[in-house]
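For reference, the chains in residue letters:
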Amino acid sequence: MYQLYANNDDCLNQALRQKIVAFNSAHFDAERMSIGYQFLDAQEELVAGISGCVFGNWLQINWLWCSELVRGNGLATKLLVALEAAAVELGATRGQLDTLDFQAKPFYEKHGYQVKYQLNNYPRTGTRYFMEKSLIKPLQGD
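- The name that an unreviewed UniProt entry assigns to the chain is N-acetyltransferase domain-containing protein, with the source organism given as Pseudoalteromonas nigrifaciens.

## Section: the environment of Phe 39
Reasoning step 1: Structurally, the position occupied by Phe 39 is in strand E1 (residues 32-40).
Reasoning step 2: Note: C-alpha distance between Phe 39 and Asp 29 (ten residues apart in sequence) is 33 Å.
Reasoning step 3: For Phe 39, the residues in contact, after removing those within four places along its chain, are Glu 45, Leu 46, Val 47, Ala 48, Leu 75, Lys 78 and Leu 79.

## Things to note about the pattern of salt bridges
Reasoning step 1: For the structure on display, the rule yields four salt bridges.
Reasoning step 2: For Lys 133, the salt bridge is made with Glu 84, and the minimal N-O distance between the two is 3.1 Å. Taken together, the positions of Lys 133 in strand E6 (residues 127-134) and Glu 84 in helix H2 (residues 75-89) put the pair 49 residues apart, joining distant regions of the chain. Like Lys 133, the residue Glu 84 is buried in the burial classification.
Reasoning step 3: Taking the shortest distance from any N to any O, the salt bridge between Arg 94 and Glu 132 comes out at 3.2 Å.

## Let's talk about the environment of Ala 76
Reasoning step 1: Take Ala 76: it is sitting in helix H2.
Reasoning step 2: The class for Ala 76 is buried, based on a relative accessible area of 17%.
Reasoning step 3: Linking Ala 76 and Ala 104, residues 28 residues apart in sequence, is a C-alpha distance of 10 Å.
Reasoning step 4: Leave out the neighbours within four places in its chain, and Ala 76 touches Leu 64, Cys 66 and Phe 107.

## Remarks on the packing of aromatic side chains
Reasoning step 1: Overall, the coordinates contain four aromatic pairs when judged by the stated rule.
Reasoning step 2: Ring centres of Tyr 108 and Tyr 113 lie 5.8 Å apart, and the angle between their planes is 75°; on these two criteria the pair is classed as edge-to-face. Here Tyr 108 matches Tyr 113 in class, with each residue buried.
Reasoning step 3: An aromatic cluster is defined as three or more aromatic residues linked by ring pairs; in this entry it consists of Phe 107, Tyr 108 and Tyr 113.

Cut-offs and rules
Residues numbered from 1 in each chain as written. Predicted model: local features only at pLDDT ≥ 70, side-chain atom pairs only at ≥ 80, totals over all residues. Heavy atoms only, no water. Helix = DSSP H or I, 4+ residues; strand = E, 2+ residues; numbered from the N terminus. Contact = heavy atoms within 4.5 Å. Salt bridge = Lys/Arg side-chain N within 4 Å of Asp/Glu carboxyl O. Buried < 20%, exposed > 50% of the residue type's maximum accessible area, 1.4 Å probe, protein only. Phe/Tyr/Trp six-rings, centres within 6.5 Å; stacked < 30°, edge-to-face > 60°.

Below, the structure is given as structure tokens:
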């Protein structure tokens, strides 16, 4: 007989993730390759960074953050361009991410990402956008 127990600890979340990743790996012929870039200030403090992973043909952007002190200086664009270039070198042909309505949707749109799906009323009154982009540049003349 099995017993049901409540468990709100993050350890359960991590254990379930590990088991699902292990199960899924039998169905994928691709590994996840972590990639990321950062900008540090003179004191070697993080002022901006981006991280994600390449999984098969896909770049998954997980985090992009810029300190308010450096916003508007083009660092986010440099981070995104570097991450996408590294992903292409690792075989990615498409990029994907999600962002919230008060975050960076216009920034990503400016860089070619398009909304493929959105969750309204997330988590209560906002919107969560799921965005994609081709990382392969069209040939000139096409």
